[in-house]
Amino acid sequence: MQDGNATDVRGKRFFLVGIGGSGMMPLAMILAGRGAIVAGSDRGLDQGRVPAKFDALRDLGIDLFAQDGSGVVSDEQIVVASAAVEDTVADMVAAARIGCARMTRAELNAALFNASSLGIGVAGTSGKSTVTGMIAAILHRIGGDPTVMNGAVMKDFASADRPFASALVGAGQAYVSEVDESDGSIALYRPRVAVLNNVSLDHKSLDELNRLFGDFLAHARHAVVNADNADAAALAMALPAARVTRFSVEGAGDLVARDVREEPFAVSFTLHHADGTLPVTLQVPGRHNVSNALAALGAAQAAGVSLADAAAALARFTGLRRRFDLVGEAAGVSVIDDFGHNPDKIAATLDTLHAFPGRLLVLFQPHGFGPLKVMRAELVAMFARALAADDLLVMPDPLYHGGTTSREVTSADIVRDVTLGGRHALHIPDRAAAAAHLVAEARAGDRIVVMGARDDTLSLLAAEMVEMLAQRD
């Protein structure tokens, strides 16, 4: 199926394999909201994980099937899967047998994005979901009615009857989307406004990341780039100055944050720009969110929104689920749920917490064996720097849902290296046992942080830990 045929989806039939994934679920919402007939399957559904998520999809009129090929029944269905879904999965076997058109998740999202007149793409190793959510909040509050594709639930748009608001379906010109470098699919996007938060090691080598991000910026009419990140700043130098907005926290750029004032769950700063200064207040904490806010302000300005209107909208932004998300407090202990999974993301959260008193008890579940191998040295160095002397890191075994994988580097290897680096760390293979150990260790004034990616059940674990703490009282 050609991209052009995918942009008008009304009445078309789509079957999404892995429909509960963080990238697939919002795409399903957008398709359904635009009048497509959507169905799907998910291994998590078959395993009974996070049933509320699948109930939310059913409430949108989306039919769900076991991942056994039973939902793929017609050659009129367009079968959509992420690049990680193997051809041996039953749904893919059925699609091949029947002769269904096939697209990757990124191909379909890019087709929808590229067909919009105001595509705003958000790239970078860290902060994509938060910046996307911030831009969504700005455009929504000024009446722009954007369509938004996010990899996280935007708390501003979530409600009791819409708990998994990781997408917006609007009638406005803007299509705001995270774009992913991990599988190379960033190359498919042709943004009008391109945001680059940062370039750092995660899924690919820095050379490959710089090539992908550089091409992404080159395709845009206007680029918004973090001048504080050396690699991102270097990429911006290749573009004409008139096509770039550079942002910085207390450095040099077109949008600069100064006088940063941190609070435990908020931060404020003074925005310096070409026409003067502007106070900005955020309901989310940390210097990294100051940088995220600058990226969103730059993107909004490039889309024609005044900085004053954008800042006023950002003051009401309440954040994303699993991004420094305070789950609850009990026995004098706060429990925070966080998506941190690479060195930069984890360090940003730990540094934000260390701005205020209290020991940190960190449960970090790696999101796979592959990332551990790629990031081993950087993770260890980060933990050795970012953990305080009395903090404790506990690592269960990496997330594993089946399939073939190399286990060359394990959680035990990271723990051993962190311990040799002079910090307290434990490997407790079973996640439930790791959580119970931290609850038993916690004392009043501590902060427990649950970290990891690609696993919705981590949020449930964080909530269970609050309950376990409450039962100690």
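Every residue gets a number counted from 1 within its own chain, in the order that chain's sequence is written. With pLDDT at 70 or above as the cut-off, local features in this predicted model cover only qualifying residues; side-chain atom pairs require 80 or more to be listed or tallied, and sums for whole chains, interfaces and linings still use all residues. Only hydrogens and water are removed before side-chain values are computed, so all heavy atoms of the structure are retained for them.

Engineer: Can you help me understand the packing of helix H12 (residues 343-354) against helix H13 (residues 369-386) in this one?
Structural biologist: Helix-helix packing: each pair is described by the crossing angle between the helix axes and the interaxial distance. Axes here refer to lines fitted to C-alpha atoms; in helices the fit is confined to the stretch in contact. Angles between the N-to-C directions go from 0 to 180 degrees. Runs of E in the DSSP output that reach at least two residues are strands. Runs of H or I that reach at least four are helices, and both are numbered from the N terminus. At their nearest, the axes of H12 and H13 sit 10 Å apart, and the two run at 5° to each other. Between H12 and H13, the interaxial angle falls into the category roughly parallel. Seen from H12, the contacting residues are Pro 343, Ile 346, Ala 347, Leu 350, Asp 351 and His 354; seen from H13, they are Met 375, Glu 378, Leu 379, Met 382, Phe 383, Arg 385 and Ala 386. Of the residues belonging to the contact of H12 with H13, the class tally is nine nonpolar, one polar and three charged. Any angle from 65 to 115 degrees is called roughly perpendicular, while one under 35 is roughly parallel, one over 145 is roughly antiparallel, and all others are oblique. Only heavy atoms enter the contact rule, under which two residues are in contact if any of them lie within 4.5 Å. Polarity classes work like this: nonpolar for Ala, Val, Leu, Ile, Met, Phe, Trp, Tyr, Cys and Pro, charged for Asp, Glu, Lys and Arg, and polar for all others, with Gly in that last group.

Engineer: Can you help me understand the environment of Asp 446 in this one?
Structural biologist: In this structure, Asp 446 sits in the loop between helix H15 (431-441) and strand S21 (447-451). Taking the relative accessible area as the measure of exposure, Asp 446 reaches 3% and is therefore buried. It is 8.6 Å that separates the C-alpha atoms of Asp 446 and Pro 357, two residues lying 89 residues apart in sequence. Engagement of the side chain of Asp 446 in a polar contact is seen with the side chain of Arg 359, the distance being 2.7 Å. Burial here depends on accessible area, computed with a 1.4 Å probe over protein chains only, as a share of the maximum for the residue type. Under 20% is buried, over 50% is exposed, and the range in between is partly exposed. Polar contact is defined as a pair of N or O atoms within 3.5 Å, subject to the rule that within protein one atom must be able to donate a hydrogen and the other to accept it, and that residues adjacent in sequence are counted only when both atoms are side-chain atoms.

Engineer: Please clarify how the packing of aromatic side chains should be interpreted in this entry.
Structural biologist: For any pair of aromatic rings, the description consists of the separation of the ring centres together with the inter-plane angle of the planes. For Phe, Tyr and Trp, rings pair up if their centres lie within 6.5 Å, where Trp contributes its six-membered ring, and each pair is then called stacked (planes under 30 degrees apart), edge-to-face (over 60) or tilted (otherwise). Evaluation of the coordinates by the stated rule reveals five aromatic pairs. On the numbers, 6.1 Å between centres and 45° between planes, the contact of Phe 15 with Phe 65 is tilted. In this pair, Phe 15 sits in strand S1 (residues 13-17) while Phe 65 sits in strand S3 (residues 63-65), placing the two residues 50 residues apart along the sequence. The exposure class of Phe 15 is buried, given its relative accessible area of 0%. We classify Phe 65 as partly exposed; its relative accessible area is 28%.

Engineer: Hey, could you run me through the pattern of salt bridges in this one?
Structural biologist: It is possible for side chains of opposite charge to pair when their charged atoms get near one another. Each salt bridge in this description consists of a side-chain nitrogen of Lys or Arg and a carboxyl oxygen of Asp or Glu lying within 4 Å of one another. Under the criterion given, the structure shown has 15 salt bridges. For Arg 102, the salt bridge is made with Asp 87, and the minimal N-O distance between the two is 2.9 Å. Here Arg 102 is found in strand S5 (residues 101-104), whereas its partner Asp 87 is found in the loop between strand S4 (77-81) and helix H5 (90-98), with 15 residues between them in sequence. A salt bridge links Asp 351 to Arg 385; its shortest N-O distance comes to 3.2 Å. With Asp 351 in helix H12 and Arg 385 in helix H13, this residue pair connects regions lying 34 residues apart in the sequence. Classification of Asp 351 by relative accessible area gives partly exposed; the value is 36%.

Engineer: Any chance you could explain the sheet that holds S21 here in plain terms?
Structural biologist: Backbone-to-backbone hydrogen bonds pair the strands of a sheet. The strands run either parallel or antiparallel. Think of it this way: DSSP has to see at least two bridges between two strands before they count as a pair. Ordered in space as S16-S17-S21-S18-S19-S20, the six strands form an open sheet in which the pairing is mixed. Here the strands that pair on one side only, and so sit at the sheet edges, are strand S16 (325-330) and strand S20 (424-427). When strand polarity is set aside, the average angle formed by the axes of neighbouring strands in this sheet is 20°. Bridge count between strand S19 (residues 392-395) and S20: four bridges; the pairing is parallel. Bridge assignment links Val 394 to a residue of S20, and that residue is Leu 426. The sheet contacts of helix H14 (residues 411-420) involve S19 and S20, and relative to S20 the element is tilted by about 160°. Its contacts with the sheet place helix H16 (residues 457-472) against S16, strand S17 (333-338), strand S18 (360-364) and S21, and it is angled at close to 15° to S16.

Engineer: It is not clear to me how the packing of helix H2 (residues 24-33) against helix H6 (residues 105-115) should be interpreted in this structure. Could you clarify?
Structural biologist: Put simply, H2 and H6 touch, their axes get as near as 11 Å, and they point 45° apart. Classed by the angle they form, the pair H2 and H6 counts as oblique. Judged by the twist between their axes, the crossing of H2 over H6 is left-handed. Between H2, through Met 24, Leu 27, Ile 30 and Leu 31, and H6, the contact on the second element is made entirely by Arg 105, Leu 108, Asn 109 and Leu 112. Residue composition of the contact of H2 with H6, by class: six nonpolar, one polar and one charged. In this scheme the crossing of two helices becomes right-handed for a clockwise turn of the near helix relative to the far one and left-handed for an anticlockwise turn of less than a right angle.

Engineer: Is there a simple way to think about the environment of Val 394 in this case?
Structural biologist: Relative to the helices and strands, Val 394 is located in strand S19. The class for Val 394 is buried, based on a relative accessible area of 0%. Separated by 252 residues in sequence, Val 394 and Ile 142 place their C-alpha atoms 44 Å apart. Excluding anything up to four places from it in sequence, Val 394 contacts Val 362, Leu 363, Phe 364, Leu 426, Ile 428, Ala 434, His 437 and Leu 438.

Engineer: I'm lost on the sheet that holds S1 in this one. Help?
Structural biologist: The parallel open sheet is built from five strands, whose spatial order is S3-S2-S1-S4-S5. Each having just a single partner strand, S3 and S5 make up the two edges of the open sheet. On average, adjacent strands in this sheet sit at an angle of 25° to one another, irrespective of strand direction. Of the pairings in the sheet, the one linking S4 to S5 comprises four bridges and is parallel in character. From the neighbouring strand, Ala 81 faces S5, where its bridge partner is Thr 104. Running at roughly 170° to S1, H2 makes contact with S1, strand S2 (37-41) and S4 of the sheet.

Engineer: What should I look at first to understand the nonpolar core in this one?
Structural biologist: Soluble globular proteins: nonpolar side chains tend toward being buried together. Residue types Ala, Val, Leu, Ile, Met, Phe, Trp, Tyr and Cys, when buried and joined through side-chain atoms within 4.5 Å, form a set referred to as a nonpolar core. In this structure, Phe 14, Leu 16, Leu 31 and Leu 217 are the most contacted members of the largest nonpolar core, which totals 50 residues. The residues contacting Leu 16, other than those within four sequence positions of it, are Met 24, Ala 28, Leu 31, Val 38, Ala 39, Gly 40, Ser 41 and Val 80. Counting 49 residues, the second largest nonpolar core, distinct from the first, contains Val 148, Ala 152, Leu 255 and Ala 296.

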